[in-house]
Amino acid sequence: MPTIVTHAAVPLCLGLGFGSRIIPPRLLLAGVAIAMLPDADVLAFKLGVAYGHVFGHRGFTHSLLFAFALPTLAMLFHRQFRASAATVWSFLLVSLLSHSLLDSLTTGGKGVGWLWPWRDERFFAPWQVIRVAPFKLEAYLTARGEAVILSELYWVWLPGVVLMLVLMGWRVWRRSSEIPSFLETQIIPSVRVYKRCCFR
Ligand SMILES: [Zn+2]
């Protein structure tokens, strides 16, 4: 896995990029939480469940079924998130799917159980470019930990921030393109009415 904080990158960058009118703060927070949720399965290690087991790490919580089921359930409560059902579903789906996609790009561990319950097989993406994160926190103080953090900054946070800036730019452009239409629909007709009534 990438580190748990890095799993928040996708919803965070997308949510801040689209802005609070499209992704309200509550939905943004839910996206961040749901993007980190699948790694709750590491608790299975404490219960003695093997890594490769379907209820082990990167098992059913990383499956496509889980990724589609949870946002569909959350969609029923879309009013709580102050967004439309379609926005809630799509934002949470992308947030949750991003987790297993990022895991599949890492250089270690077992693959992701995308096809559970139909197949127990674990999958990786064609390219493994993100250095796999250690389970132990103290490992981040070593050279290996530093390499993991740099790898995540390069492959996840940097593209995420670029995407966020592009989306923010798109919002600014859209707002500025609304100005002429405001001029055409509000200001110019008002001036015409004023001229007609007062300058005859
Ligand atoms: Zn994971």
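Above: the structure in question.
Residues numbered from 1 in each chain as written. Predicted model: local features only at pLDDT ≥ 70, side-chain atom pairs only at ≥ 80, totals over all residues.

(A) Layout of the packing of helix 4 (residues 64-75) against helix 5 (residues 85-104). In the contact formed by helix 4 and helix 5, the axes pass within 8 Å of each other and the chain directions differ by 155°. Here helix 5 runs roughly antiparallel to helix 4, going by the angle between their axes. By crossing handedness, the relation of helix 4 to helix 5 is classed as right-handed. Two secondary-structure elements touch here, helix 4 through Ala67, Phe68, Leu70, Pro71, Thr72, Ala74 and Met75 and helix 5 through Ala85, Val88, Trp89, Leu92, Leu93, Leu96, Leu97 and Ser100. Considered class by class, the residues forming the contact of helix 4 with helix 5 number 13 nonpolar, 2 polar and no charged. (Axes fitted to C-alpha atoms, helices over the stretch in contact; angles between N-to-C directions. Helix = DSSP H or I, 4+ residues; strand = E, 2+ residues; numbered from the N terminus. Parallel < 35°, antiparallel > 145°, perpendicular 65-115°, else oblique. Left-handed = near helix turned anticlockwise from the far one by under 90°. Contact = placed C-beta atoms within 7 Å. Nonpolar A, V, L, I, M, F, W, Y, C, P; charged D, E, K, R; others polar.)

(B) Structural context of helix 2 (residues 25-36). In this model helix 2 runs 17 Å from its N-terminal to its C-terminal C-alpha over 12 residues, within 8% of the 16 Å that 1.5 Å per residue would give. Of all the residues in helix 2, the buried ones are Leu27, Leu28, Ala30, Gly31, Ile34 and Ala35. Buried residues of helix 2 fall within an arc of 160° about the axis and therefore sit on the same side. Tucked inside the fold, the buried residues of helix 2 contact helix 1 (9-18), helix 4 and helix 5. (Expected span 1.5 Å × (residues − 1). Buried ≥ 20, exposed ≤ 12 C-beta atoms within 10 Å, placed from the backbone. Arc of directions from axis to C-beta.)

(C) Layout of the nonpolar core. Membership of the largest hydrophobic core comes to 24 residues, with the highest contact counts inside it found for Ala9, Leu27, Ala30, Val88 and Leu92. Every element with two or more residues in this core is listed here: helix 1, helix 2, helix 4 and helix 5. In this structure, Val88 is in contact with Leu27, Ala74, Met75, His78, Phe81 and Ala83, ignoring residues within four places of it in sequence. (Core = buried A, V, L, I, M, F, W, Y, C linked by C-beta atoms within 7 Å.)

(D) Examining the environment of Ala83 more closely. With respect to the helices, strands and loops of the structure, Ala83 is situated in the loop between helix 4 and helix 5. In this structure, Ala83 is in contact with Pro24, Leu27, His78 and Val88, ignoring residues within four places of it in sequence.

(E) Molecular detail of the environment of Ser151. One can find Ser151 in helix 6 (residues 143-198). According to the C-beta neighbour criterion, Ser151 is partly exposed, with 19 such atoms within 10 Å. When the C-alpha atoms of Ser151 and Gln128 are compared, they prove to be 11 Å apart, with 23 residues separating the residues in sequence. Beyond its immediate sequence surroundings of up to four residues, Ser151 is in contact with Ile130 and Arg131.

(F) Molecular detail of helix 4. Helix length check: helix 4 (12 residues) gives 17 Å between terminal C-alpha atoms against 16 Å at 1.5 Å per residue, within 8%. Taken as a whole, helix 4 has its buried residues at Phe66, Ala67, Pro71 and Ala74. Across the axial projection of helix 4, the buried residues extend over an arc of 115°, all falling on one side. Turned more than 90 degrees off the buried face of helix 4, the exposed positions are Ala69 and Leu73. Lining the buried residues of helix 4 we find helix 2 and helix 5.

(G) The arrangement of unusual backbone geometry in detail. For the bond running from Trp116 to Pro117, omega is 5°, close enough to zero to count as cis. If you trace the backbone, Pro117 turns up in the loop between helix 5 and helix 6. Of note in this structure, Arg58 is not a glycine but carries a positive phi near 65°. The topology assignment puts Arg58 in the loop between helix 3 (43-46) and helix 4. Even without being a glycine, Arg82 presents a positive backbone phi close to 55°. Look at Arg82 and you get partly exposed, because 14 C-beta atoms sit within 10 Å.

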